[in-house]
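Tertiary structure, described
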Number of protein chains: 2
Amino acid sequence: MASRLIEGNAIIGQSGGPTAVINQSLVGIIEGLRGYKPVKKIFGMRHGVDGLIKHMPLVDLGALSTETLEKIAKTPSACLGSSRSKPTEADAPKIFEACKANDIRYFFYIGGNDSSDTCRIIHEMGVKTGYELRCFHVPKTVDNDLMGNDHTPGFGSAARYVAMAFMADDRDNASLPGIKINVVMGRNAGFLTAASALARHGEGDGPHLIYLPEVPFDVDRFIEDVKGVVGKYNRCQIAVSEGIKDKEGKDIAASLISGAQTDAHGNAQLSGSGALGDMLSNLIKERFKSPSGKPPRVRADTLGYLQRCWPEPSPVDAAEARGVGIKAATEAMNGLTDGSVAIIRMSNHPYRVEKRVLKLSDVAAKTRVMPPEFINGTHDVSRAFIEYCKPLVGELPHFAPRL
Amino acid sequence: MASRLIEGNAIIGQSGGPTAVINQSLVGIIEGLRGYKPVKKIFGMRHGVDGLIKHMPLVDLGALSTETLEKIAKTPSACLGSSRSKPTEADAPKIFEACKANDIRYFFYIGGNDSSDTCRIIHEMGVKTGYELRCFHVPKTVDNDLMGNDHTPGFGSAARYVAMAFMADDRDNASLPGIKINVVMGRNAGFLTAASALARHGEGDGPHLIYLPEVPFDVDRFIEDVKGVVGKYNRCQIAVSEGIKDKEGKDIAASLISGAQTDAHGNAQLSGSGALGDMLSNLIKERFKSPSGKPPRVRADTLGYLQRCWPEPSPVDAAEARGVGIKAATEAMNGLTDGSVAIIRMSNHPYRVEKRVLKLSDVAAKTRVMPPEFINGTHDVSRAFIEYCKPLVGELPHFAPRL
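Here, residues in each chain are numbered from 1, in the same order as that chain's written sequence. A letter from A marks each chain and a number from 1 marks each ligand, given out in the order of writing. Where local features are concerned, this predicted model is filtered to residues with pLDDT of at least 70; where side-chain atom pairs are given and counted, the filter is 80 or more; whole-chain, interface and lining totals use all residues.

1. Let's talk about the overall build of chain A
- Helix and strand assignments follow DSSP, with helices taken as H or I runs no shorter than four residues and strands as E runs no shorter than two, numbered in order from the N terminus. On a plain count of helices and strands, chain A comes out with 13 helices and 13 strands.
- Relative to the globule expectation of 22 Å for 403 residues, the C-alpha radius of gyration of chain A, 23 Å, shows essentially globular dimensions.
- Based on the C-alpha atoms only, the size of chain A along its principal axes is roughly 80 × 45 × 35 Å.
- Burial is judged by counting the other C-beta atoms within 10 Å of a residue's own C-beta: 20 or more makes it buried, 12 or fewer makes it exposed, and any count in between marks it as partly exposed, with every C-beta position built from the backbone. Classification of the 403 residues of chain A by burial places 57% in the buried group. As a reference, a globule follows 2.2 Å times the number of residues to the power 0.38, and the radius of gyration itself is taken over C-alpha atoms.

Below, the structure is given as structure tokens:
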């Protein structure tokens, strides 16, 4: 419910794995807040709520020129610094006290579902203690796994990178035929791996096989799948999610990374290692070996952190990331006390979206995965997924037809 | 020496690891040959000389429209297919006979130093047997390792990708501080790894450490180097060539890749595996471990095949790749009988190059490495290298200053 604006300062933080457009959202919030009299200062927290807990100096974002802000918007990765830590019960009062000490009345947190949960906790502390603190969650994640969102800022740019990578790599593979595995980011949701399908433009184009975390991965079926494609095209390009799980639901990559590191959320490291690709590569080399012949040419690349920071974002994604920031600021100024901004698709042809504010608890600490209608069998995505994903990545390069 | 043109057909092949601009050279040759009456047909060989040896059907390149050719020019990776095989002594007569059978009088081969050697062998067979066959080598290689060349088409685009990757990844690393290793292509020459230095624009920017194949890699010194950077910046971004060698000169990566595959040139697989990055990552985790504390956050990415095929090439590189193709065709039409086209830099401010024709034997089967004046100590490049490399990659994105 709308209510009168209290005078005070605003603070903005960035959390979780950064994206190519997370700074667009930061600049969007600043843009949306400027000109409102009750907002005295606009601060940035360093490394998310960690900066508040550890009393790191605040950044005076309100003092930055429009020119600097536009440069920041186009720079990938969280310019305020990000954080992987999950605030403990003991941390929440510290964050809240730091806000009070700095006369913060407007709290904006750009991040994934854990960030929405942080907003929820901080907002509830304010309500309980009678200190008005408006808290807004601004969505970002390359994984595209936030509940209630058609899609999430950051995903489109990562999907664009993945689609372009598969397009180019498929031509590389066709020129020197062999079996090529590309491992794609995504712990539980396969959206980003699925985006590799946008690389297909003609008959024979890869990826020929797509393995998602939503479908249990079976080694024997995998080998049969690859043999089938090689029999047909004399080569095979494969998209594999780093989050593929065995039939018991265990992360296959986590068990392969020597000394895998675990974050505060209990998530074992999946990225930043080539172990999964190398394991699958070795598996193919072994299983394809015939007593006489040598194994086929097999290579594995892990697309890695460039998926989330490549500095040429999807234009649609960049604009939407700015837009969710503006929306959060505007709704706060219109009198809303808390919420999580979400993008809702109104139509696909032409592509049109609206930004709405959801309840924090509807997004907090929940994970969305690929719906069944986006998955086609055990190793592909559906036409519906491609229709869904296409408008988010912008125009892709036009390659020549194969000679 | 110039001589009268013989009527007949031309053939073009592509060999070795493809690049983002190798098709620019193909189109350049076709463009350069068109309109010359003695050239009846322009054929393409599939998968380099392999296609001739195995009597694969030729591609009628002369029949392609200008529109199609322009699309091909902008498509990465060898559109005719490439080859990794090195023609044996028994193969050379087969290649030569296939040329005679197809009335080929003009032979163009786009590739690295081995391709220059193939041209030399085929040309000499023609001279010996009195069948005039003009043979031209058109340079390409992301490794930038051809003798007599200031630089090689393909390198600039790969260097652009590497520089952009390090720029973006460095911001990612700054937002979630840790130790980040990025493994870069290059068997013996460190040019591409060195190009990571172009990512530096301000104090504290990575890469903080650069390890080249030209400088023996010492594990203990590496750990000390990383500790020094972490002490200063609380993080560290590292560029490592896949071709780093131990003090005995042995490839470190080749010994780590399980079931590493070897090509016809006897080169053991270095790319298409994350093994080197993972080994260095584990090494840091172990050596940084203190009895009390946990190891720092360490991640490794291997930039992989996207370095050579990312579909947004350096504009300078694309234009030069076209230019060396045109030059080869024009010189053949001017009456030269054989040679290897090379780019020579005439001035750096303003950047200006000339294309010249070298003797095939001056380029054939030789490898250029980073000259000592481009290397700075054990883990960096010199200012001279940066001045050399900058004009080749085109304008890089402008990131915001750090907050």
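On we go from here.
2. Thoughts on the relation of the copies chain A and chain B
- Alignment of the copies relies on least squares applied to C-alpha atoms, considering only residues that score at least 70 for pLDDT in both. Overlaying chain A on chain B yields an RMSD of 0.0 Å, the required transformation being a rotation through 180 degrees with an accompanying axial translation of 0.0 Å. A rotation of that kind, with that shift, is consistent with a two-fold axis. Every residue of chain A has its C-alpha some distance from the rotation axis, and the shortest such distance is that of A:Gly274, at 2.0 Å.

3. Some details on the pairing of strand E2 (residues 39–44) of chain B
Residue and element names in this part refer to chain B.
- Inspection of the sheet shows strand E1 (residues 8–14) paired to E2 by 4 bridges, in the parallel sense. In the strand pairing of E2, Ile12 is matched with Gly44.
- The pairing criterion for strands is at least two bridges between them, as found by DSSP. Where E2 meets strand E3 (residues 59–60), 2 bridges bridge the pair, whose relative direction is antiparallel. Pairing of Phe43 across the sheet is with Asp60, part of E3.

4. Some points on helix H1 (residues 22–33) of chain B
Residues and elements named next belong to chain B.
- Between the first and last C-alpha of H1 there are 17 Å, a value that for 12 residues agrees with the 16 Å anticipated at 1.5 Å per step.
- Of all 12 residues making up H1, 11 are buried, and the element is well covered by its neighbours.
- All of the buried residues along H1 are Ile22, Asn23, Gln24, Ser25, Leu26, Val27, Gly28, Ile29, Ile30, Gly32 and Leu33.
- By the convention adopted here, residues are in contact when the distance between their C-beta atoms, placed from the backbone, does not exceed 7 Å. Among the structural elements, E1, E2, helix H3 (66–73), strand E4 (104–111), strand E5 (134–139) and helix H11 (315–333) are those in contact with the buried residues of H1.
- Phi for Gly35, located one or two positions after H1, is positive at around 95 degrees. Helices are assigned an expected span. That span is 1.5 Å times one less than the residue count.

5. Comments concerning the interface of chain A and chain B
- The partner chain B presents 54 residues to the 54 residues of chain A that form the contact.
- Those elements giving two or more residues to the side of chain A that touches chain B turn out to be helix H3 (66–73), helix H6 (155–175), helix H9 (275–288), strand E9 (298–302) and helix H10 (306–309) of chain A.
- Ranked by residue count, the leading element in the side of chain A that touches chain B is H6(A), at 8 residues.
- Of the residues contributing to the side of chain A that touches chain B, the split by class is 23 nonpolar, 20 polar and 11 charged. Basically, the charged four are Asp, Glu, Lys and Arg, the nonpolar ten are Ala, Val, Leu, Ile, Met, Phe, Trp, Tyr, Cys and Pro, and anything else, Gly included, counts as polar.

6. Observations concerning the confidence of the model for chain A
- Scored between 0 and 100, pLDDT is the confidence that the predictor attaches to each residue. Confidence along chain A averages 94 in pLDDT terms, with 98% of residues attaining 70 or more.
- Note on the complex model: pTM 0.97, ipTM 0.96.

7. Brief notes about the domain arrangement of chain A
Residues and elements named next belong to chain A.
- In this entry, domain limits derive from an automatic or database-based domain assignment. Considered domain by domain, chain A is made up of domain 1 (8–141 + 149–153 + 313–363) and domain 2 (155–310 + 372–393).
- On a C-alpha basis, the centres of domain 1 and domain 2 stand 33 Å from each other.
- Its residues placed into classes, the side of domain 1 that touches domain 2 shows 7 nonpolar, 9 polar and 4 charged.

8. Some remarks on the sheet that holds strand E8 (residues 236–241) of chain B
Residue and element names in this part refer to chain B.
- If you trace the 4 strands from one edge of the open sheet to the other, you get E7-E8-E6-E9, paired in parallel fashion. Among the strands making up the open sheet, the edge pair consists of strand E7 (209–211) and strand E9 (298–302). The average angle at which neighbouring strand axes cross in this sheet is 15 degrees, direction not considered.
- Across 3 bridges, the pairing between E7 and E8 is parallel. Within the sheet, the bridge partner assigned to Leu209 lies in E8 and is Ile238. Angles run from 0 to 180 degrees between N-to-C directions of axes, and those axes are lines fitted to C-alpha atoms, restricted for helices to the stretch in contact.

9. Some details on the environment of A:Asp380
Residue and element names in this part refer to chain A.
- By the secondary structure assignment, Asp380 is in strand E13 (residues 380–381).
- C-beta crowding within 10 Å serves as the criterion here: with 19 such atoms nearby, Asp380 is assigned to the partly exposed category.
- Between the alpha carbons of Asp380 and Tyr211 there is a distance of 7.0 Å; along the sequence they are 169 residues apart.

10. Re the packing of helix H6 (residues 155–175) of chain B against helix H13 (residues 383–393) of chain B
All names here are of chain B.
- H13 packs onto H6 with a crossing angle of 100 degrees between their chain directions and a minimal axis gap of 8 Å. The orientation of H6 with respect to H13, classified from their angle, is roughly perpendicular. Taking contact as the criterion, the partners of Phe155, Gly156, Ala159, Arg160 and Ala163 in H6 are, on H13, Cys389, Leu392 and Val393.
- Considered class by class, the residues forming the contact of H6 with H13 number 6 nonpolar, 1 polar and 1 charged. Relative orientations are named as follows: roughly parallel for angles under 35 degrees, roughly antiparallel for angles over 145 degrees, roughly perpendicular for angles from 65 to 115 degrees, and oblique for any other angle.

11. Some details on the sheet that holds strand E11 (residues 351–358) of chain B
Residue and element names in this part refer to chain B.
- In spatial order, the strands read E3-E2-E1-E4-E5-E10-E11; together these 7 strands make up an open sheet with mixed pairing. Looking at strand neighbours, the two that pair on one side only are E3 and E11, the edges of this open sheet.
- Here E1 runs beside E4; their pairing, made up of 6 bridges, is parallel. The residue of E4 that forms the bridge with Asn9 is Ile104.

12. Notes on H13(B)
All names here are of chain B.
- Those residues of H13 that sit buried are Phe385, Tyr388, Cys389, Leu392 and Val393. Axial view of H13: buried residues confined to an arc of 125 degrees, hence all on one face. With respect to the buried face of H13, the exposed residues turned more than 90 degrees away are Arg383 and Glu387.
- In this fold, the buried residues of H13 make contact with H6, helix H7 (191–194), H11 and strand E13 (380–381).
- After H13 finishes, the residue Gly394 shows a positive phi value of roughly 80 degrees. The arc in question is formed by the directions pointing from the helix axis toward the C-beta atoms.

13. Comments concerning unusual backbone geometry
- Cis rather than trans, the peptide bond between A:Gly206 and A:Pro207 has omega equal to 0 degrees.
- Locating A:Pro207 in the fold gives a position in the loop between helix H7 (191–194) and strand E7 (209–211).
- Residue A:Asn234 is not a glycine yet carries a positive backbone phi of 60 degrees.
- Relative to the elements of secondary structure, A:Asn234 occurs in the loop between helix H8 (219–233) and strand E8 (236–241).
- Judged by the 11 C-beta atoms lying within 10 Å of it, A:Asn234 falls in the exposed class.
- One non-glycine residue, B:His47, lies in positive phi territory at about 55 degrees.
- Position of B:His47 among the secondary structure elements: in the loop between E2 and helix H2 (49–53).
- Looking at B:His47, the number of C-beta atoms within 10 Å reads 23, which means it is buried.

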